[in-house]
Structures are given as C-alpha cells and as structure tokens.
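Listed below, chain by chain, are the residues.
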Amino acid sequence: MKFVSGDKIFFMLVLGVVFAGLAIFSSATLGLLARESSSVSRDILLQAGLGLGLGFISLLVARAVSLARIKRFAPYIYAATILFTALVFVPGIGFHSGGATRWIDLGFTTVQPSEFLKIGFVLVLAWWLAPRARQLANAKKGLFPFVVMLALPSALLLAQPNTSTTLLMLATGTIMYFAAGAPWRDFGIIALGVIIALGVIITLRPYTLERIKTFIDPSANSLTSGYQIQQSLIAIGSGGLLGRGFGQSVGKFNYLPEPDGDSVFAVFAEETGFVGAAMLILLFIALAARGIVIAGNSHDLFGGLIALGFSCIIIIQAFINMGAMLGIIPLTGLPLPFISHGGTALMAILIMCGFILNVAAHRKAL
C-alpha cells in the first residue's frame, strides 16, 4: 500500500485511534437518547460519513501531493483558509450558537472553518520559516514578522470568539519558531506578549475570568459554571480502576453536558476506568511521538516543520481537552482529536496525518 509506505507504524497508530474513537463516540452518543432534540443515528452517520469517509480520502490526497507542490501553494492554501474562516461573519452564512459565531451552516450540517485554518497556518509558517532559519536571530527578520503572521488568524479567531483555538495555534506556532532556530532571547518577549494578551482577553471577556475562577474553586458554583467539571470528575472517579463497562456510563445520559463532545473523555474514563483512560493517553503520546520522530528525520526543514506542527496540534489539543476534564486546567471547549463530535474536526485531523505521512515518505536516509 503505497500511501502508508512512508511510515507504517504511524499509519497503524492513526487507524488505532480512529477506530477506537469511533467506538468511543458511538457509546457516548447513546447518552443523547435521553435528550429529545438529538438524533443519534444522524450524529453517528455524519461522524462516520463526513469525518471518516471524506477524512480518509483527504488523507490520501495529502499523502500523495508532492512536498514541492505543497510548498509552492502553501501561501494560497493559507489565504483560502483565512477567507473561509472569515465567512462565519457573513450574515446568512455564519451560524451563531452558545454565544459564538464559529460555524458555517450547510443546511444538513455545520462546518467549523477554524479546523482548516490550523492546517493553513502550519503550512504557511513552515513555508516562511524554512528559508529563514539562519536569519531568525535578527529581530527584524525573525521575531517581528513572526508576530505579524500570528496577528491575523488570532484576530479572526478572537472575534468569533474562539480563545482556545487561538492559544492552541499560538503554542504550536511558537514551538515551530524555536525549532527552526530562533534565539531563546525571543522566548521571554513572546511569553510577556502572551501574558499581556491574556490580561486584555480576561478584561474584555468576563466568561474567561469565570472559567479561571471555576478552575480554582470548582465547587463554588456547582450548579452553574462549575457544573461540567463537577460532573466530569464524578464520572471519572466512579470509573475506578477498570470502569463500569463499555457502554455502561451513567453520566452520559442525564448529567454530563455534551457527552459526545467536550465531555467524551469523561464518559470513556467512566466506562473503562483508569486502565482504559491511561491506554488512550498513551496512544495519543505514541502518535505524537512518532510524528516528531518523522519530523526529525525529514530530508528538509520545511517537511520537518510540517510534521512537527501537526504533531503538536494533535497532542496539545488532546491534553488540553483531557486536562480540562480532569480539572488540571480551565475548561476550554476544545474537542478531543479523533473522538469528539464534529466531522469537520475529524476530517481536518486526518488531513494533518496525511501530511505527516507525506513527510515520512521523503525522510532522509538513516
């Protein structure tokens, strides 16, 4: 099978987490049977059809396109994802829900363009960094343009608002920046800028401060802002060592908000216990670690930065979601990659995996 010739181990890990994710999602979705407005069969069909079906086709395309062509078209791909993301603000096209405008309504389903913006962002940043690796010590050629490149997607996402995805992209972009050879002097400047930006966001977005307060003391508002984390911790704790049994979660029926979305890890941990949750975490770590190994063995910096960037997005997003459900970090709303409800998110993740396989196919001789 030519499309997995780049790295069979990585491809097998992708298959493992994809099919495990579909099983986990299907079990979690059964909890929606108790909620009148949900159609379980429709949700599973969209996840399998749009996410897995189109996702695997897109993975094959991303694997097959030459890296030279990807490099040539990276700026245009980025521009297209920027414009696609901006469409959410067009009346009649953008879909507003839960206080945010992050989706485009297609009638039969919604699409979240920011999932594809992650792809365009990593590609264009790799395209920009690769030929400038030796110039990054000069702030005029490194830090200043880098900050400008972060500004546009950040502004679009914060306007939705989508703070969690903004922070995810900033973290990924910063890792790529330093991996390309930026001086550690810039780390303090970037960290200070992020702290100031977070201060401004907290001032302008009261709900962000509320989430931080809930993180510090989740029991203070157990029926309002602290409800989700309280129910999540109860579900995870009740799973014990081996869990209640697959499909036997109690929390997914009446207690956990969005059991097939943000709270899907809590459902899985309740059903499979500490052992199952630990195995899922190890699977994500193995997948990201293999992607980073592929990045290190890339025959050029452009490919290496692509593999590194997409590996970072997968592992950081996974740990943000699971960490929020465990009460380690504040709630963010980021879905669990490969598993949470959202055909767009699953399709985008599989495209990222296709690009990593593409880089693996062009690795340097070991």
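Along each chain, residues carry numbers from 1 onward, in the same order as the chain's sequence is written. Thresholds applied to this predicted model are a pLDDT of at least 70 for local features of residues and 80 or more for the giving and counting of side-chain atom pairs; totals over whole chains, interfaces and linings are not thresholded and use all residues. Computation of side-chain values: all heavy atoms of the structure, hydrogens and water removed.

Below, the discussion takes up the overall build of the chain. Each helix corresponds to a stretch of at least 4 residues labelled H or I by DSSP, and each strand to a stretch of at least 2 residues labelled E; elements are numbered beginning at the N terminus. Helix and strand counts for the chain come out as 13 helices and 3 strands. Across the 366 residues that make up the chain, the buried fraction comes to 50%. Only heavy atoms enter the contact rule, under which two residues are in contact if any of them lie within 4.5 Å. Once local pairs closer than 6 in sequence are excluded, the contacts in the chain between residues at least 24 apart make up 74%. To measure how exposed things are, a 1.4 Å probe is used in the Shrake-Rupley method; for residues, cover is taken only from the protein chains shown. A total accessible area of about 16,100 Å² is found for the chain, and carbon and sulfur atoms account for 70% of it. Burial classes: relative accessible area under 20% of the type maximum marks a residue as buried, over 50% as exposed, and values in between as partly exposed (1.4 Å probe, protein chains only).

Any two rings among Phe, Tyr and Trp, with Trp reduced to its six-membered ring, count as a pair given centres within 6.5 Å; such a pair is stacked if its planes are under 30 degrees apart, edge-to-face if over 60, and tilted if neither. Across all of its chains, the model carries 10 aromatic pairs by this definition. Look at Phe95 and Trp103: their rings are 6.4 Å apart centre to centre, the planes differ by 75°, and that puts the pair in the edge-to-face class. Classification of Phe95 by relative accessible area gives partly exposed; the value is 32%. Taking the centre distance of 6.3 Å and the plane angle of 45° together, the rings of Phe284 and Phe338 count as tilted. With Phe284 in helix H11 (residues 264–296) and Phe338 in the loop between helix H12 (301–325) and helix H13 (343–361), the pair connects residues that are 54 residues apart, well separated along the chain. Comparing Phe284 with Phe338 shows no difference in burial state: the two are buried.

One speaks of a salt bridge when a side-chain nitrogen belonging to Lys or Arg is within 4 Å of a carboxyl oxygen belonging to Asp or Glu. Per the counting criterion, the structure on display carries 6 salt bridges. Measuring nitrogen to oxygen at the nearest pair gives 2.7 Å for the salt bridge that ties Glu270 to Arg244. Of the two residues, Glu270 sits in helix H11 while Arg244 sits in the loop between helix H9 (227–239) and helix H10 (251–254), which places them 26 residues apart along the sequence. Arg244 gets classed as partly exposed once you look at its relative accessible area, which sits at 42%. In this structure, Glu271 and Lys252 form a salt bridge, with 3.0 Å as the shortest nitrogen-oxygen distance. Note that Glu271 is positioned in helix H11 and Lys252 in helix H10, a separation of 19 residues in sequence. Residue Glu271 is classed as buried on the basis of its relative accessible area, which comes to 2%.

Our focus in this paragraph is the environment of Thr166. Here Thr166 lies in helix H6 (residues 163–179). Linking Thr166 and Leu156, residues 10 residues apart in sequence, is a C-alpha distance of 9.0 Å.

Attention now moves to the nonpolar core. Throughout, nonpolar core names a set of buried Ala, Val, Leu, Ile, Met, Phe, Trp, Tyr and Cys residues whose side chains join them through atoms within 4.5 Å. Core analysis: the biggest nonpolar cluster contains 94 residues, and Phe284 and Phe338 have the highest contact counts within it. For this core, the element with the highest residue contribution is H12, accounting for 16 residues. Phe338 has contacts with Val14, Val17, Val18, Gly21, Phe284, Leu287, Ile314, Leu346, Ile349, Leu350 and Cys353, leaving out every residue within four places of it along the chain.

Given a helix with a known number of residues, its expected span is that number minus one, times 1.5 Å. Taking 1.5 Å of rise per residue, the 17 residues of helix H5 (residues 143–159) would be expected to cover 24 Å, and the 24 Å separating its terminal C-alpha atoms lies within 8% of that figure. Three or more residues of H5 are buried, namely Leu143, Phe146, Met149, Leu150, Pro153, Ser154, Leu156 and Leu157. At its buried positions, H5 is contacted by helix H3 (67–86), helix H4 (114–129), H6 and helix H7 (185–204).

Moving on, we come to the confidence of the model for the chain. As a per-residue measure, pLDDT tells how confident the predictor is, with possible values from 0 to 100. Mean pLDDT over the chain works out to 85, with 90% of the residues at or above the 70 mark. Element-level mean pLDDT values for the chain span from 73 in helix H8 (residues 206–216) up to 95 in H4.

With that settled, the discussion passes to a nonpolar patch on the surface. The patches described consist of residues with a relative accessible area above 30% and no salt bridge, like charges being joined within 9 Å and nonpolar side chains (Val, Leu, Ile, Met, Phe, Trp, Tyr) within 5 Å. Nonpolar side chains collect at one region of the surface, where Leu241, Leu242, Phe274, Val275 and Met279 lie side by side and expose about 550 Å² of accessible area between them. You can see Val275 is positioned in helix H11.

The subject of this paragraph is helix H1 (residues 8–29). With 22 residues, H1 should cover 32 Å at 1.5 Å per step; its first-to-last C-alpha distance of 31 Å lies within 8% of that length. Among the residues of H1, Phe10, Phe11, Leu13, Val14, Val17, Val18, Gly21, Ile24, Phe25, Ser27, Ala28 and Thr29 are the ones counted as buried. Two to three positions downstream of the cap, the backbone nitrogen of Ile9 sits 3.4 Å from a side-chain oxygen, assigning the N-cap of H1 to Asp7. Side-chain atoms alone can form a polar contact between residues adjacent in sequence; in general such a contact is a pair of N or O atoms within 3.5 Å, and within protein one must be able to donate a hydrogen while the other accepts it.

Interaxial angle, 0 to 180 degrees, is taken between N-to-C directions of lines fitted to C-alpha atoms, where a helix line uses only the stretch in contact. Contact geometry for H11 and H12: axes closest at 9 Å, N-to-C directions at 165°. The angle between the axes of H11 and H12 places the two elements in the roughly antiparallel class. Our pair here, H11 against H12, has a crossing hand that is left-handed. Taking contact as the criterion, the partners of Phe265, Ala266, Ile281, Phe284, Ile285, Leu287, Ala288, Gly291, Ile292, Ile294 and Ala295 in H11 are, on H12, Gly304, Ala307, Leu308, Ser311, Ile314, Ile315, Ala318, Phe319, Asn321, Met322 and Met325. Throughout this entry, Asp, Glu, Lys and Arg are counted as charged residues, while Ala, Val, Leu, Ile, Met, Phe, Trp, Tyr, Cys and Pro are counted as nonpolar. The remaining residues, Gly among them, count as polar. Split by residue class, the contact of H11 with H12 holds 18 nonpolar, 4 polar and no charged. An angle below 35 degrees is treated as roughly parallel, one above 145 as roughly antiparallel, one from 65 to 115 as roughly perpendicular, and anything else as oblique. Crossing handedness is read from the near helix: turned anticlockwise from the far helix by less than a right angle, it gives a left-handed crossing, and turned clockwise, a right-handed one.

Turning our attention to unusual backbone geometry. The amide bond that connects Gln160 to the next residue, Pro161, takes the cis arrangement and shows omega of -5°. You can see Pro161 is positioned in the loop between H5 and H6. Even without glycine at this site, Phe338 takes up a positive phi of about 75°. What makes Phe338 buried here is its relative accessible area of 4%.

What follows concerns the pairing of strand E2 (residues 100–105). Any two strands with at least two DSSP-identified bridges between them are counted as paired. Sheet topology places strand E1 (residues 94–97) next to E2; 4 bridges connect them, and they run antiparallel. Each bridged residue has a counterpart across the sheet, and for Ser97 the counterpart in E2 is Ala100.

Pairing is antiparallel in the open sheet, where 3 strands are placed in the order E1-E2-E3. Because the sheet does not close on itself, it has two edges, and the strands there are E1 and strand E3 (110–111). The sheet contact formed by E2 and E3 spans 2 bridges and is antiparallel. Residue pairing for E3: Ile104 is matched across the bridge by Val111.

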